[in-house]
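Geometric and topological summary
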Amino acid sequence: MKHYTLRAQAVLLYLKEVNNAQCSPVKAERFIHRPWQINMLGTLSKILRPFLGSMRDLLPIIAVILFFQLFVLQQELPNVLDLALGILFVVLGLAFFLIGLEMGLFPIGESLAQAFARKGSVTWLLLFAFALGFGTTVAEPALIAVSNEAAQVAANADVIESSIESRRSYANGLRYTVALAVGFAIVIGVLRILRGWPIHIMIVIGYLTVVVMTAFAPREIVGIAYDSGGVTTSTITVPLVTALGVGLASAIKGRNPMLDGFGLIAFASLTPIIFVMAYGMLV
């Protein structure tokens, strides 16, 4: 049997790992003199994997739409070219979003959390947690859309004036209320990680508060309050907040990232309901 160098064997293992493909030792030996091909394969694998994953995740949705459109409603697909182009853009958007998470948001969130933990200042850590929760929520596209829609509905129902200024003021008030709630939630979540508080008791207390406030809050605001808890946990907030929790739990001695690192999103979904109902009761 031909003897292959240790370097060729290492290249073989690397190629199998990054490319998920079968590669013979002979091919691995050839790559020793062409290292640029190894880097190219690794880069292509990192780029193509999210695209294929996004397409696989979208296939069930596409299948459901086609089934009901063609077999239940028995109608032809309108604007097939536009639909195909739209699906392509969705796949590209999801893939680039996943690549951006892996390359940027997750690493920077974890590194910042670990850096603050090493710094040893609880005050700065809590200020950073609040700023992160507030800033990401204000920029959340889903929250902006829901706030504008809520303002329009409130104007149509004569809850507020129908002027542009009144609608803008109502929408901004709702946005900043939710952002304050998420900032407060992340601070509570960070304190839970630092102190080791049981998450289930805190969640139960939170939802009992929601139930009590629902009985006293204006009916017009209750539905918006419940929906605001969902729109805050979207594309921008979730990656950074999750990375913060996991990074912080990884850096603190005696904390388990699996047990203590997660749970911040639960607080970020809960507190906006309380804050928005309080906003409706005061405004």
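Conventions used here
Residues numbered from 1 in each chain as written. Predicted model: local features only at pLDDT ≥ 70, side-chain atom pairs only at ≥ 80, totals over all residues. Heavy atoms only, no water. Helix = DSSP H or I, 4+ residues; strand = E, 2+ residues; numbered from the N terminus. Contact = heavy atoms within 4.5 Å. Areas by Shrake-Rupley, 256 points an atom, 1.4 Å probe, with all protein chains shown as cover. Core = buried A, V, L, I, M, F, W, Y, C linked by side-chain atoms within 4.5 Å. Buried < 20%, exposed > 50% of the residue type's maximum accessible area, 1.4 Å probe, protein only. Expected span 1.5 Å × (residues − 1). Bend = angle between axes of the 7 residues up to and from the residue. Phe/Tyr/Trp six-rings, centres within 6.5 Å; stacked < 30°, edge-to-face > 60°. Lys NZ or Arg CZ within 6 Å of the ring centre and 35° of its normal. Axes fitted to C-alpha atoms, helices over the stretch in contact; angles between N-to-C directions. Left-handed = near helix turned anticlockwise from the far one by under 90°. Nonpolar A, V, L, I, M, F, W, Y, C, P; charged D, E, K, R; others polar. Parallel < 35°, antiparallel > 145°, perpendicular 65-115°, else oblique. pLDDT = per-residue confidence, 0-100. Arc of directions from axis to C-beta. Patch = residues over 30% accessible without salt bridge, like charges linked within 9 Å, V, L, I, M, F, W, Y side chains within 5 Å. Salt bridge = Lys/Arg side-chain N within 4 Å of Asp/Glu carboxyl O.

1. Remarks on the overall build of the protein chain
Each helix and strand counted, the protein chain has twelve helices and zero strands in total. Scanning the protein chain from its N terminus toward the C terminus, one meets helices and strands in the order α-α-α-α-α-α-α-α-α-α-α-α. Pairs at least 24 apart in sequence give 76% of the contacts found in the protein chain among residues at least 6 apart. Of the roughly 16900 Å² that the protein chain leaves accessible, carbon and sulfur atoms contribute 68%.

2. A look at the nonpolar core
With 49 residues, the main nonpolar core has Tyr-170, Ile-186, Val-190, Leu-244, Leu-248 and Met-277 as its most contacted residues. Secondary-structure elements contributing two or more residues to this core are α4 (80-119), α5 (122-138), α6 (141-156), α7 (164-195), α8 (199-216), α9 (219-231), α10 (237-251) and α12 (264-282). Examining the composition of this core, we find that eleven residues originate from one element, α7, more than from any other. Ignoring sequence-local partners within four residues, the contact set of Leu-244 consists of Gly-109, Ala-113, Phe-128, Ala-129, Leu-132, Ile-186, Val-190 and Leu-264.

3. Structural notes on α4
Quick reminder: α-helices carry 3.6 residues per turn. Residues three or four places apart thus point the same way. Between the first and last C-alpha of α4 there are 56 Å, a value that for 40 residues agrees with the 58 Å anticipated at 1.5 Å per step. At Leu-101, α4 shows its largest kink, close to 50°. Of the positions making up α4, those classed as buried are Val-91, Ala-95, Ile-99, Leu-101, Gly-109, Ala-113 and Phe-116. With its phi angle positive at about 80°, Gly-120 sits one or two positions after the end of α4.

4. Considerations on the packing of aromatic side chains
Scanning all chains against the criterion turns up seven aromatic pairs. On the numbers, 6.1 Å between centres and 20° between planes, the contact of Phe-130 with Phe-134 is stacked. With Phe-130 and Phe-134 both in helix α5, this residue pair falls four residues apart, about one helical turn. Assessed through its relative accessible area of 32%, Phe-130 is described here as partly exposed. Through successive ring pairs, a cluster of aromatic residues spans Phe-67, Phe-68 and Phe-71. Seen from the ring of Tyr-176, Arg-175 lies directly overhead, with NZ or CZ sitting 5.8 Å from the centre.

5. Some details on the environment of Gly-93
The topology assignment puts Gly-93 in helix α4. We classify Gly-93 as partly exposed; its relative accessible area is 38%. Along the primary structure Gly-93 and Phe-51 are separated by 42 residues, whereas in three dimensions their C-alpha atoms are 9.2 Å apart.

6. Details of the packing of α5 against α7
Between α5 and α7, the shortest axis-to-axis distance is 7 Å and the interhelical angle comes to 145°. α7 is crossed by α5, and the crossing has right-handed handedness. The residue makeup of the contact of α5 with α7, split by class, is 18 nonpolar, three polar and one charged.

7. A few points about the packing of α7 against α10
Look at α7 against α10: their axes get within 10 Å of each other, and the N-to-C directions meet at 20°. If you check the angle between α7 and α10, you find them roughly parallel. Judged by the sense of rotation from one axis to the other, the crossing of α7 with α10 is right-handed. Contacts from Val-182, Ile-186, Val-190 and Ile-193 of α7 reach α10 at Thr-237, Val-241, Leu-244, Gly-245, Leu-248 and Ala-249.

8. Regarding the confidence of the model for the protein chain
Chain-level pLDDT for the protein chain is 80 on average; 84% of the residues reach the 70-or-more range. Highest mean pLDDT in the protein chain belongs to α8 (94); lowest belongs to helix α1 (residues 6-19) (47). Note that pLDDT drops below 50 for residues 25-29; the model gives that stretch ten contacts with residues more than four away or on any other chain.

9. A few points about α6
With 16 residues, α6 should cover 22 Å at 1.5 Å per step; its first-to-last C-alpha distance of 23 Å lies within 8% of that length. Within the sequence span of α6, burial applies to Leu-143, Ser-147, Ala-150, Ala-151, Ala-154 and Ala-155. The buried residues of α6 all sit within an arc of 135° when viewed along its axis, so they share a single face. Asp-158 occupies a position one or two residues after α6 and carries a positive phi of about 60°.

10. Observations concerning a nonpolar patch on the surface
Residues Val-64, Leu-66, Phe-67, Phe-68, Leu-70, Phe-71, Val-72 and Leu-73 make up a contiguous nonpolar surface patch of about 750 Å² in total accessible area. By the element assignment, Val-72 lies in helix α3 (residues 35-72). For Val-72, a relative accessible area of 47% puts it in the partly exposed group.

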